[in-house]
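Analysis of the macromolecular model
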Amino acid sequence: MNGASVVRHTVIACAGVAALGFAALALTAGWRAGLGLSIGVALGAVNITLIERATSRSGAVRVTSLGRLGVLSAVGLGLGLLIAPLAAVLVVVGLAAAMLLVSVVAAVEAVHAS
């Protein structure tokens, strides 16, 4: 198991979840809700990619974590609020879903590697 494959598979999974989430919420709660969730998942995928880049530099993860999360959260909430208040909440849900996805992908790859 290597970090690059975890990141690659997580980004692919995030794209699928964002598309399915958008479609499901667009049909049930409206396109704004779907867009909010999709933005959150996409920002989560960006976060995962940035984490992978930071881990290639020694010690950079600790230095950049708070700033990276703050900027991505502010961007996500700002975009969500531009769409609708519910969308802002769903951006946070999407970010959390992306973090859950990276955990699941890493666990699956660890099981396959053993």
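The residue numbers shown here count from 1 along each chain, following its written sequence. Local features are withheld for residues below a pLDDT of 70 in this predicted model, meaning they are given only at 70 or higher, and side-chain atom pairs are given and counted only at 80 or more; totals for whole chains, interfaces and linings count all residues. Note that the side-chain values use all heavy atoms of the structure and ignore hydrogens as well as water.

Quick notes on the packing of helix α2 (residues 31-55) against helix α4 (residues 85-113)
To be explicit about the condition: Each axis is a line fitted through C-alpha atoms, and for a helix only the stretch in contact is used; angles between axes span 0 to 180 degrees, taken between their N-to-C directions. Going along the chain from the N terminus, every DSSP run of H or I of four or more residues is numbered as a helix, and every run of E of two or more is numbered as a strand. Roughly parallel here means an angle under 35 degrees, roughly antiparallel means over 145, roughly perpendicular means 65 to 115, and every remaining angle is called oblique. Helix crossings get a hand from a simple test, with the near helix turned counterclockwise from the far one by less than a right angle marking a left-handed crossing and a clockwise turn marking a right-handed one. The contact definition used throughout considers only heavy atoms, calling two residues in contact when any of these lie within 4.5 Å. Just so you know the grouping, Ala, Val, Leu, Ile, Met, Phe, Trp, Tyr, Cys and Pro go in nonpolar, Asp, Glu, Lys and Arg go in charged, and all remaining residues, Gly too, go in polar.
Running from N to C, α2 and α4 point in directions that differ by 40 degrees, and their axes come no closer than 6 Å. Our classification of the angle between α2 and α4 gives oblique. Relative to α4, the crossing made by α2 is right-handed. Residues R32, A33, G36, L37, I39, G40, V41, L43, G44, A45, N47 and I48 of α2 pack against L86, A87, L90, V91, V93, G94, L95, A97, A98, M99 and V102 of α4. Taken together, the residues of the contact of α2 with α4 sort by class into 17 nonpolar, five polar and one charged.

Describing helix α1 (residues 3-28)
Threshold: One less than the residue count of a helix, multiplied by 1.5 Å, gives the span that helix is expected to have. For every residue, the accessible area (1.4 Å probe, protein chains only) is compared with the maximum for its type, and the residue is labelled buried under 20%, exposed over 50%, or partly exposed between those bounds.
The end-to-end C-alpha distance of α1, which contains 26 residues, comes to 36 Å, matching closely the 38 Å that a straight helix rising 1.5 Å per residue would cover. Those residues of α1 not exposed but buried are S5, V6, V7, T10, C14, A18, G21 and L25. Taken from the residues just after α1, G30 is the one with a positive phi, measuring 110 degrees.

Thoughts on the nonpolar core
We apply this condition: Residues belong to one nonpolar core when they are buried, are Ala, Val, Leu, Ile, Met, Phe, Trp, Tyr or Cys, and are joined through side-chain atoms within 4.5 Å.
One finds C14, A18, L25, A33, L37, V41, A45, L90, A98 and L101 forming the largest nonpolar core, which totals 10 residues. No other element matches α2, which puts four residues into this core. In contact with A33, other than residues within four places in its own chain, are L25, L86 and L90. By size, the runner-up hydrophobic cluster in this structure holds eight residues, among which are L43, L72, I83 and A84.

Side note on the side chain of T10
Take T10: it is sitting in helix α1. Residue T10 is classed as buried on the basis of its relative accessible area of 0%. Once you skip the residues sitting within four places of it in the chain, T10 turns out to touch I48, A98, L101, V102 and V105.

Side note on a nonpolar patch on the surface
This is how the line gets drawn: Residues enter a patch when their relative accessible area is above 30% and they make no salt bridge; the linking distance is 9 Å between like charges and 5 Å between nonpolar side chains (Val, Leu, Ile, Met, Phe, Trp, Tyr). The Shrake-Rupley method, run with a 1.4 Å probe sphere, supplies the accessible areas, and residue values consider only the shown protein chains as cover. Counted as salt bridges are all cases of a side-chain nitrogen of Lys or Arg within 4 Å of a carboxyl oxygen of Asp or Glu.
Among the surface-exposed residues, V71, V75, L79 and L82 lie close enough to one another that they form a single nonpolar patch of about 380 Å² accessible area. Among the secondary structure elements, V71 is positioned in helix α3 (residues 60-83). Taking the relative accessible area as the measure of exposure, V71 reaches 53% and is therefore exposed.

Some remarks on the side chain of S5
So the rule is basically this: Pairs of N or O atoms within 3.5 Å make up the polar contacts considered here, provided that, within protein, one atom can donate a hydrogen while the other can accept it, and that residues adjacent in sequence are counted only when both atoms are side-chain atoms.
Its location among the elements puts S5 in helix α1. Judged by its relative accessible area of 10%, S5 is buried. Among the polar contacts made by the side chain of S5, one reaches the side chain of E109 at a distance of 2.8 Å.

Section: the environment of V7
One can find V7 in helix α1. According to the relative accessible area criterion, V7 is buried, its value standing at 14%. As a C-alpha pair, V7 and A45 span 38 residues in sequence and 8.4 Å in three-dimensional space. When residues no more than four places from it in sequence are discounted, the contact partners of V7 are I48, T49 and E52.

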